[in-house]
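# Close look at the chain arrangement
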Amino acid sequence: MLSLKTGATTAWNQIREDFFASGDAALVLSRRTETVDAIVLAGFEEFLAPAFPEGLALLAVGGYGRSELFPHSDIDLLILADKGVQGKTQKDAVSVFLRELWDSGLRLSHSVHTIDECCELHEQNVELNVSLLDQRYIAGDGGVYRDFQLRLPKFLRSANVGLAKHLCKLARARHAKFQDTIYHMEPNIKEVPGGLRDLHTLWWLRQIRQTEVATEEWNVGLAPARAFLHSLRCFLHYRVGRDSNLLSFELQDEITQQSFTTARNPGEWMRTYFRHARDICRTATRAVETAEGPGGSMLSQFRDWRSRLSNSEFTVSRERLLLRVPQQLAVDPPMLLRLFTFVARHGIQLALDTERRIEDASPALAAYFASSRPIWPAINEILSLPHAALALAAMHETGTLTAVFPEWKRIECLVVRDFYHRYTVDEHTLVTIQNLMFLRETADPERRRFADLFAEIQKPAVLLFALLFHDIGKGGGEGKHIEASRPIVHAAMQRIQAPADVQRAVWDLIEQHVALSAVMNGRDLDDPSTAVELTAKVGTIEQLKRLTLLTYADISGVNPTAMSPWRLEQLWRVYLCAHRELTRELEAVRIETPAVRSPEQAGFLEGFPVRYLRTHNEEQIARHLEMEQRCGQSGVAVEIQRLNGFFIAEIVAHDRPGLFASIAGAISSFGMNILKAEAFANKRGNILDSFVFSDPGHNLELNPTEADRLRLTIERVVTGRSDVRELLRNRPAPAPLSRHTRLRPAVNFDNETSAVATLIEVVTEDRPGLLYSLTGQLSRAGCNIEVVLIDTEANKALDVFYVTYEGRKLSPDQLVSLKQGLLAACGS
């Protein structure tokens, strides 16, 4: 075995060298399989054959059985024993055999089964049954293997329905895990839709159900995609040095520098990847649908009812839409828009034949729509119907979007690298529209508010068209994408002859599509100047509603968790803030604050800014007064509440330098993400600080005692019994950023937005204790922190501070010295 191991090492190195010279994965898979076969066979002859002169066969299963051994794939072995492994001699022989294979450098995944066990359906271990679809004889008793070969096909025929449904269920669940899209910017090339696991699913379904995926499709149609993914996986394994399937930005860069890769631009190379993934995903999805077969009688009745929707141009068969006269597309291109209007109205997907007909006719269709034509009414109808998102997705998949709007090619499969966008630009765009349409079905009360706004929109097509083009400028390379969008959007809308008022409304939305998110992330919503600034941009109530919904859809389309409960609440507050300002004449007569207060409340409030009364109701004021009374006895009062998916910590204490920073550090030390903070101080020398934070690890939810421990920690920090710096040292640092996403710290000042305070905006890489360092620097500079707004995405932190110095804005000289201190704090 030692000589085999030495020889294998030499073989591995030669295979690796040959791969990087040619990029030929087929050579890697075949030669690695041959080398492993030799090691396994030698081990069998030395350790198993003496103990099992008969009654045992050794089989390769799974990827090893398919002869698809990637550089760091597991070696799946099945020890097939007709009577099992019996007695100490046989058990010891199996143990030594497996240990020697491990010692020779093979990563084993093995199982020991009888023929009876292999030929029965294992409800709790269907993976065993599936692995046998890819089995290959290596060594041992040929008679045992022949018996197995006779019984296995009979078992597969009897169990094919159950196995097929299990495979379909796994495929559906896996696709859902990745949001049913191939367009991930850093994909796991094995598990995502359109990845290697889809190829495996296709292969398995063909074997057990003889699905409609023809042999020619498998051997010829998907051959380029399969070869591409195989080569890519070999590259990932070699570069990472283990069984890794994540195609990171760094590895995208590296593969384009290899001699066997023709594309030198990572963005263009990724477009090739997405095209192959799309071919695989389409074929796999069709195979799964075929294998799932028709449902029960109720579903059949429903399908019968849906078939009645057929008309003179389109027919519905098996829940798919077909063209009655496919040749008509070539002579009547507007029929294409009528087809997608049908999809948008009824929610029926296209049949595979229909997709192919459209793709075949795409050159003629593109030529027709390249000229200026009055097709806005048709586009308007599609975008106004209940299933507009489904229609747009189908238009994208068939190339219809690029035929009608050649501008769409700019963002098709486009990767724009940043911290938090998970999808390509085109997929992000379609996801924003899906999220908006999903509002009509949501039962979530927090989202129902936005659903009600959507129901009030007078021209939904304007909003959806703006979403369709809101990031079109990103396809122009460097520069600000909103400005780059203007000529592109103008040309598209002119060509489809959209009315002038529609063109203005669409452009106004695109031009201001980041306005609300900028306010919710970087402005104090209780500052009157924020509302004035916002309404100057928005203009009308209708435009405010559209922008609110566009912002909701845009943030929700970044990644599945981007629209957190906190952001959802902040966006609604932005809407209310601007709505009140736009309708302030109706509220002018209202009295929001009683003129008369008790002596206790008057003493408590004296010295607080007026904004405190605007942002707190009577119940909260009474509770804060009671906390101050408790603070007089112990020196601090702390309360923590949970609201709408986030938490609020309120602290009343005797003021001292650096107190705000210390409290921020104490909360951060528990792994909490601070979202917003406010600070008030009265003439008695007491502070009322509030911190809104999220709990990404759900520690406070799952462990109620943790909230008490956090409360106690804050109290100890406030009273000086705990050192916040020691607490922060124990918090693990986040994973380091890649070289493509490193951030250079930036500090910006704004003395114009607020009438009473200086705004300080800090953009830097997030780390434990960052807020503590920044607020500590402000405290040492003598600044009074009024409000802090925190926004963190991945490892990027954007913190905005409203600060004053002795009741005034900061002077230019103070800003110069403060900037250096804050930049230093970003890196400390």
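Values in this document were obtained by computation on a predicted structure and should not be read as measured data. (Residues numbered from 1 in each chain as written. Predicted model: local features only at pLDDT ≥ 70, side-chain atom pairs only at ≥ 80, totals over all residues. Heavy atoms only, no water.)

### Quick look at the packing of aromatic side chains
In plain terms, the rule: Aromatic pairing here means that ring centres of Phe, Tyr or Trp (its six-membered ring) are within 6.5 Å. Orientation follows from the plane angle: under 30 degrees is stacked, over 60 is edge-to-face, and everything else is tilted. Helical segments are the DSSP runs of H or I of at least four residues, strand segments are the runs of E of at least two, and each set is numbered from the N terminus. Per-residue accessibility, obtained with a 1.4 Å probe over protein chains only, is compared with the maximum for each type, and a residue is labelled buried under 20%, exposed over 50%, and partly exposed between these values.
The full count for this structure, using the stated rule, is 24 aromatic pairs. For the pair Phe19 and Tyr238, a centre-to-centre distance of 5.7 Å together with 40 degrees between the ring planes defines the contact as tilted. Placement of Phe19 in helix α1 (residues 2–22) and of Tyr238 in helix α10 (residues 223–240) is noted, with a sequence separation of 219 residues between them. Accessibility assignment for this pair places Phe19 and Tyr238 in one class, buried. Judged by centre distance (5.7 Å) and plane angle (65 degrees), the rings of Phe314 and Phe342 are edge-to-face. In this pair, Phe314 is assigned in strand β5 (residues 314–317) and Phe342 in helix α15 (residues 334–346), connecting sequence segments 28 residues apart. There is no split in this pair, since Phe314 and Phe342 are both buried.

### Brief notes about helix α37 (residues 770–780)
Along α37, nine of the 11 residues are buried, which leaves the element largely enclosed by surrounding structure. Every buried residue of α37 is listed here: Leu770, Leu771, Tyr772, Ser773, Leu774, Thr775, Gly776, Gln777 and Leu778. Of the residues trailing α37, Gly782 is marked for its positive phi of about 80 degrees.

### Description of the side chain of His513
Our working definition: Counting of polar contacts relies on pairs of N or O atoms within 3.5 Å, with two restrictions inside protein: one atom must be capable of donating a hydrogen and the other of accepting it, and residues adjacent in sequence are counted only when both atoms are side-chain atoms. Residue contacts are counted whenever heavy atoms from the two residues lie within 4.5 Å of one another.
Note that His513 resides in the loop between α25 (500–511) and α26 (515–522). What makes His513 buried here is its relative accessible area of 1%. A polar side-chain atom of His513 sits 2.7 Å from the main-chain carbonyl oxygen of Ile510. Sequence-distant contacts of His513, that is, excluding residues within four places in its chain, are made with His470, Asp471, His481, Ile482, Leu547, Leu550, Thr551 and Asp554.

### Describing the confidence of the model for the chain
Basically, it comes down to this: Known as pLDDT, the predictor's confidence for each residue is given on a scale from 0 to 100.
Here the chain shows a mean pLDDT of 87. Residues at 70 or above account for 92%. Helix α18 (residues 376–384) holds the highest mean pLDDT among the elements of the chain, 97, whereas helix α13 (residues 297–307) holds the lowest, 47. In the predicted structure, residues 211–216 sits below a pLDDT of 50 and forms 12 contacts with residues beyond four places in sequence or in another chain. Confidence drops under a pLDDT of 50 for residues 585–594, and excluding neighbours within four residues, the segment shows three contacts in the predicted structure.

### With respect to the sheet that holds strand β6 (residues 320–323)
What counts, and what does not: A pair of strands counts as paired when DSSP detects no fewer than two bridges linking them. As a rule, the C-alpha atoms of each element are fitted with a line to give its axis, helices using only the stretch in contact, and angles between N-to-C directions run from 0 to 180 degrees.
Read across the open sheet, the three strands follow the order β5-β6-β7; overall the sheet is mixed. Edge positions in the sheet fall to β5 and β7 (349–350), since each of these pairs with one other strand and no more. Pairing of β5 with β6, which is carried by four bridges, proceeds in the antiparallel orientation. Among the inter-strand pairings, Phe314 is bridged to a residue of β6, identified as Leu323. Sheet contacts for helix α16 (residues 352–360): β6 and β7; angle to β6, the most-contacted strand, approximately 45 degrees.

### So, the side chain of Thr758
Position of Thr758 among the secondary structure elements: in strand β13 (residues 758–765). By relative accessible area, which is 0% here, Thr758 ends up buried. Those residues in contact with Thr758 that sit more than four places away from it in its chain are Phe749, Asp750, Asn751, Phe801, Tyr802, Val803, Lys809, Leu810 and Leu815.

### Side note on the nonpolar core
What counts here: By nonpolar core is meant a set of buried Ala, Val, Leu, Ile, Met, Phe, Trp, Tyr and Cys residues that side-chain atoms within 4.5 Å join together.
Core analysis: the largest hydrophobic core is formed by 94 residues, its most contacted members being Phe340 and Phe465. The element best represented in this core is helix α23 (residues 460–469), accounting for nine residues.

### Describing the packing of helix α19 (residues 388–397) against helix α21 (residues 425–438)
Here is the rule we go by: An angle counts as roughly parallel when it lies under 35 degrees, as roughly antiparallel when it exceeds 145, as roughly perpendicular when it falls between 65 and 115, and as oblique in every other case. By the definition used in this description, the sense in which the near helix is turned from the far one sets the handedness, with an anticlockwise turn below a right angle giving left-handed and a clockwise turn giving right-handed. Residue polarity follows a fixed list, in which Ala, Val, Leu, Ile, Met, Phe, Trp, Tyr, Cys and Pro are nonpolar, Asp, Glu, Lys and Arg are charged, and the others, Gly among them, are polar.
Relative to each other, α19 and α21 sit at 160 degrees, their axes nearing to 9 Å. Relative to α21, the element α19 lies roughly antiparallel. Relative to α21, the crossing made by α19 is left-handed. For the pair α19 and α21, the contacting residues are Ala388, Ala389, Leu392, Ala393 and His396 in the first and Asp426, Leu430, Ile433, Gln434 and Met437 in the second. Considered class by class, the residues forming the contact of α19 with α21 number seven nonpolar, two polar and one charged.

### Description of the state of the cysteines
The test is simple: Two cysteine sulfur atoms make up a disulfide if the distance between them is within 2.5 Å.
Within the structure shown, the criterion is met by zero disulfides. Free of any disulfide, Cys413 has its nearest cysteine sulfur in Cys281, 13 Å distant.

### Remarks on the environment of Leu167
If you trace the backbone, Leu167 turns up in helix α7 (residues 142–177). Since its relative accessible area comes to 3%, Leu167 is described here as buried. Distance from Leu167 to Ala291, taken between C-alpha atoms, is 9.2 Å for residues 124 residues apart in sequence. Discounting chain neighbours no more than four positions away, the residues touching Leu167 are Val130, Trp204, Leu205 and Ile208.

### Comments concerning the pairing of strand β2 (residues 75–81)
Applied cut-off: The path from the first strand over the helix to the second decides the hand: if it runs clockwise while the strands point away from the viewer, the crossover is right-handed.
In terms of residue burial, β2 counts as a mostly covered element, since six of its seven residues are buried. Bridging between strand β1 (residues 56–60) and β2 involves five bridges; their strand directions are antiparallel. Pairing of Leu56 across the sheet is with Ala81, part of β2. Bridge count between β2 and strand β3 (residues 108–113): six bridges; the pairing is parallel. If you follow Leu80 over to β3, its bridge partner there is His113. The parallel pair β2 and β3 is bridged by helix α4 (residues 87–103), and the resulting crossover is right-handed.

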